[in-house]
Amino acid sequence: QVQLVESGGGLVQAGGSLRLSCAASGRTLSRYVMGWFRQAPGKEREFVAHITWSGGSTYYGDSVKGRFTISRDVAKNTVYLQMNSLKPEDTAIYYCAARTATMTMYDRWGQGTQVTVSS
């Protein structure tokens, strides 16, 4: 089973940048899709981005397109989320998730990391 551990959250001013990391362990990831989600207080969980481990194809949610970049380091078994031009509405707990490419639902989740953007 895949285990996921996020890091890199924190407090940043609007317009600033942060990079989140998600270290994966437990299984080879070649058939996995790795995703980032976020959940703000009182709101539903929102899809942020995903990347296919084998080919590196990416997809983004509309609210972060052009500002966030998802990437992976195969040698380090780590997925990154580079967040630029941050806005107060980006404040949320960010979760890393994994699913096999044949599934539609993510079934492995990290513990989450808090991102707070001050205005």
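Preceding this paragraph is the structure being described.
Residues numbered from 1 in each chain as written. Predicted model: local features only at pLDDT ≥ 70, side-chain atom pairs only at ≥ 80, totals over all residues. Heavy atoms only, no water.

(A) Examining the environment of Leu11 more closely. Relative to the elements of secondary structure, Leu11 occurs in strand β2 (residues 10–13). Between the C-alpha atom of Leu11 and that of Ser118, which follows or precedes it by 107 residues, the distance is 7.3 Å. (Helix = DSSP H or I, 4+ residues; strand = E, 2+ residues; numbered from the N terminus.)

(B) Fine view of the state of the cysteines. Enumeration according to the criterion identifies one disulfide in this entry. Cys22 shares a disulfide with Cys96; S-S distance 2.0 Å. On the sign convention where negative means left-handed, the S-S torsion of about -80 degrees between Cys22 and Cys96 marks this disulfide as left-handed. You can see Cys22 sitting in strand β3 (residues 18–25) and its partner Cys96 sitting in strand β9 (residues 92–100), a full 74 residues away along the chain. Across the pair, exposure class does not vary: Cys22 and Cys96 are buried alike. (Disulfide = S-S within 2.5 Å. Buried < 20%, exposed > 50% of the residue type's maximum accessible area, 1.4 Å probe, protein only.)

(C) Quick peek at the packing of aromatic side chains. Summed over the entire model, instances satisfying the criterion amount to five aromatic pairs. Measuring from ring centre to ring centre gives 5.6 Å for Phe37 and Phe47, while their planes differ by 75 degrees; the resulting arrangement is edge-to-face. With a gap of 10 residues between them, Phe37 in strand β4 (residues 32–39) and Phe47 in strand β5 (residues 46–52) connect regions that are remote in the sequence. By relative accessible area, which is 24% here, Phe47 ends up partly exposed. Both rings, one in Phe37 and one in Trp109, keep their centres 5.0 Å apart while their planes meet at 55 degrees; by these two values the pair is tilted. Here Trp109 lies in strand β10 (residues 108–109) and Phe37 lies in strand β4, a separation of 72 residues in the sequence. You can call Phe37 buried: its relative accessible area is 10%. Classification of Trp109 by relative accessible area gives partly exposed; the value is 31%. Each member of the aromatic cluster is reached from another via a ring pair, and the members are Phe37, Phe47, Tyr59, Tyr106 and Trp109. (Phe/Tyr/Trp six-rings, centres within 6.5 Å; stacked < 30°, edge-to-face > 60°.)

(D) Main features of the nonpolar core. In this structure, Met34, Trp36, Leu81, Met83 and Tyr94 are the most contacted members of the largest nonpolar core, which totals 30 residues. Counting only elements with at least two residues in this core, the list comes to β3, β4, β5, β7 (68–73), β8 (78–83), β9 and β11 (113–118). (Core = buried A, V, L, I, M, F, W, Y, C linked by side-chain atoms within 4.5 Å.)

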